[in-house]
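Structural overview for review
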Amino acid sequence: MAGQSRSSNSLVVPQASAALDQMKYEVAQELGIQIPQDGYYGYMATRDAGALGGYITRKLVQIAEQQLAGSNFTR
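Residues numbered from 1 in each chain as written. Predicted model: local features only at pLDDT ≥ 70, side-chain atom pairs only at ≥ 80, totals over all residues. Heavy atoms only, no water.

The line we're drawing: UniProt positions are given in the numbering used here, feature names are shortened, and annotations may be inferred rather than shown by experiment.
You'll find the protein chain entered in an unreviewed UniProt entry as Small, acid-soluble spore protein, alpha/beta type, with Paenibacillus mendelii given as the organism. Reading the Function (unreviewed entry) entry of the UniProt record for the protein chain gives the comment "SASP are bound to spore DNA. They are double-stranded DNA-binding proteins that cause DNA to change to an a-like conformation. They protect the DNA backbone from chemical and enzymatic cleavage and are thus involved in dormant spore's high resistance to UV light." The protein chain has a UniProt comment under Sequence similarities (unreviewed entry) that states "Belongs to the alpha/beta-type SASP family."

So this is what it looks like as structure tokens:
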């Protein structure tokens, strides 16, 4: 099961999986957090995991806001 998530969350756009993984590694590098090579996050400090998830969320919101600002999105 190495490298696989046990999360029950599913992606709205499954094709985004590779891009999200790449973002995870880039954000971890920016924050100086070492991503486990075996894919097991059990030894990662809770603080590091939370920082990683929070920063990824902020970046995703920023990307979405930029895309919305560049388009005429109306509902």
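**So, the overall build of the protein chain**
Just so we agree on the cut-off: Note on conventions: DSSP H or I runs of at least 4 residues are helices, E runs of at least 2 residues are strands, and numbering of each starts at the N terminus. Note on classification: 1.4 Å probe, protein chains only; a residue is buried when its accessible area is under 20% of the maximum for its type, exposed when over 50%, partly exposed between these limits. Residues count as neighbours in contact if any of their non-hydrogen atoms are within 4.5 Å of one another. For accessible areas, the Shrake-Rupley method is used with a probe of radius 1.4 Å. Any residue's cover is judged against the shown protein chains and nothing else.
When helices and strands are tallied, the protein chain shows two helices and zero strands. Here the protein chain, with 75 residues, has 13% of them falling under the buried criterion. Excluding contacts between residues fewer than 6 apart, the proportion of contacts in the protein chain whose partners are at least 24 apart in sequence is 51%. Carbon together with sulfur atoms contributes 51% to the accessible area of the protein chain, which is approximately 6,400 Å² in total.

**Side note on the packing of aromatic side chains**
Inclusion rule: Side-chain rings of Phe, Tyr and Trp, where Trp is taken by its six-membered ring, are said to pair if the distance between their centres is within 6.5 Å; with planes under 30 degrees apart they count as stacked, over 60 as edge-to-face, and otherwise as tilted.
For the structure on display, the rule yields one aromatic pair. Relative to Tyr43, the ring of Tyr40 has its centre 5.0 Å away and its plane inclined at 75°; by these criteria the two rings are edge-to-face. Classification of Tyr40 by relative accessible area gives partly exposed; the value is 41%. Among the residues examined, Tyr43 registers a relative accessible area of 75% and is labelled exposed.

**Concerning the packing of helix H1 (residues 17-31) against helix H2 (residues 46-69)**
For the record, the criterion: Simply put, an axis is a line fit to the C-alpha atoms, just over the touching stretch for a helix, and the angle between two N-to-C directions goes from 0 to 180 degrees. Relative orientations are named as follows: roughly parallel for angles under 35 degrees, roughly antiparallel for angles over 145 degrees, roughly perpendicular for angles from 65 to 115 degrees, and oblique for any other angle. Left-handed describes a crossing whose near helix is turned anticlockwise from the far helix by less than a right angle; the clockwise case is right-handed.
One way to put it is that H1 packs onto H2 with a least axis distance of 10 Å and a crossing angle of 120°. In terms of orientation, H1 and H2 fall into the oblique class. By crossing handedness, the relation of H1 to H2 is classed as right-handed. Contacts between H1 and H2 pair Leu20, Met23, Lys24, Val27, Ala28, Glu30 and Leu31 from the former with Ala51, Leu52, Tyr55, Ile56, Lys59, Leu60 and Ile63 from the latter.

**Let's talk about the pattern of salt bridges**
Keep this limit in mind: Here, a salt bridge means any side-chain nitrogen of Lys or Arg that lies within 4 Å of a carboxyl oxygen of Asp or Glu.
Following the criterion strictly, the structure yields two salt bridges and no others. The partner of Asp21 in a salt bridge is Lys24, and the shortest N-O contact between them spans 3.7 Å. Remark: Lys24 and Asp21 occur in helix H1; sequence separation between them is three residues, near one turn of the helix. Its salt-bridge partner being Lys59, residue Glu30 comes within 3.5 Å of it at the nearest N-O pair. Here the residue Glu30 occupies a position in helix H1, and Lys59 occupies one in helix H2, the gap between them amounting to 29 residues.

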